[in-house]
Amino acid sequence: MKEKRDYVLGELESMNGVSVAVPPQGAFYVLPDVSGYFGGDDTELCLELLKQKKLALVPGSSFGAPGTVRISYATSMEELQVAMNKLAAFLQEQSVQS
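One structure accompanies this document, and this report is about it. Every chain is numbered independently, its residues counted from 1 as its sequence is written. With pLDDT at 70 or above as the cut-off, local features in this predicted model cover only qualifying residues; side-chain atom pairs require 80 or more to be listed or tallied, and sums for whole chains, interfaces and linings still use all residues. Computation of side-chain values covers all heavy atoms of the structure but excludes hydrogens and water.

## A look at the overall build of the chain
- Only runs of H or I of at least four residues qualify as helices and only runs of E of at least two qualify as strands under DSSP, and these elements are numbered from the N terminus. If you tally the helices and strands in the chain, you get three helices and three strands.
- In sequence order, the chain lays out its α and β elements as α-β-α-β-β-α.
- Scaling as 2.2 N^0.38, a compact globule of 98 residues should have a C-alpha radius of gyration of about 13 Å, and the chain matches this with 12 Å.
- In terms of principal-axis extent, the alpha carbons of the chain reach across some 35 × 25 × 20 Å.
- Residue burial is assigned from relative accessible area. The probe radius is 1.4 Å, only protein chains are included, and a residue is buried under 20% of its type maximum, exposed over 50%, and partly exposed in between. When each of the 98 residues of the chain is scored for burial, the buried share is 37%.
- When checking whether two residues touch, look at their non-hydrogen atoms; a contact exists if any pair is within 4.5 Å. Pairs at least 24 residues apart make up 60% of the contacts formed inside the chain by residues separated by at least 6 positions.
- For every accessible area listed, the method is Shrake-Rupley and the probe measures 1.4 Å; residues are considered covered only by the protein chains on display. Accessible area of the chain: about 5,600 Å², with a carbon and sulfur share of 53%.
- Note on charges: Lys and Arg go in the positive column, Asp and Glu in the negative column, and His and the chain ends are not counted at all. Where a charge lies is defined by one atom per residue type: Lys uses NZ, Arg uses CZ, Asp uses CG and Glu uses CD. A gap of 5 Å separates the mean positions of the 8 positive and 12 negative side-chain charges of the chain. Only C-alpha atoms enter the radius of gyration, while the globule expectation follows 2.2 Å times N to the 0.38, with N the number of residues.

Here you go:
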């Protein structure tokens, strides 16, 4: 699980406008700050991500952490790679549109 966590954290670190204030310690999910997108509306970001890239993340506001999204890394490395690629492409397209 540590390998998957480290992979996700590394990918998130490379994404423009994304940060992780508190890396996960014992959990299998991470809540990166994506408040620089969609005016900080994490729900809108998740809806557009689902619509455009068919990638489902959960808005952090559902967990008392507005401006973040919840990413679970309790899946295969292959699925994580697909998900991180989709998220990176989506955020890069949003940066271009801004």
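## As for the layout of surface pockets
- Here a cavity denotes grid points, spaced 1 Å and computed from the protein atoms alone, that fit a 1.4 Å probe unable to get out, and a pocket denotes an open set having protein on both sides within 12 Å along at least 5 of 7 lines; residues with an atom within 4 Å of a point are the lining. Grid points are joined across faces, edges and corners, and a volume is the space filled by probe spheres set on the points. Approximately 180 Å³ is the volume found for the largest pocket.
- L55, A56, L57, E79 and A83 are, among the 14 residues lining the largest pocket, the residues nearest its centre.
- When residues of the lining of the largest pocket are assigned to their parent elements, the largest contribution, six residues, is made by helix α3 (residues 77–97).

## Considerations on the packing of aromatic side chains
- Here the aromatic set is Phe, Tyr and Trp, taking the six-membered ring for Trp, and pairing holds for ring centres within 6.5 Å; pairs whose planes are under 30 degrees apart are stacked, those over 60 apart are edge-to-face, and all others are tilted. Inspection of the entire model under this criterion finds two aromatic pairs.
- For the ring pair F28 and Y29, a centre distance of 6.0 Å and an interplane angle of 85° mean the geometry is edge-to-face.
- Its relative accessible area of 41% is what places F28 among the partly exposed residues.
- The class for Y29 is partly exposed, based on a relative accessible area of 29%.
- Ring geometry for F38 and F90: centres 6.0 Å apart, planes at 10°, overall stacked. You can see F38 sitting in the loop between β1 (29–30) and α2 (42–53) and its partner F90 sitting in helix α3, a full 52 residues away along the chain.
- For F38, a relative accessible area of 28% corresponds to the partly exposed category.
- Residue classification places F90 among the buried positions, given a relative accessible area of 0%.

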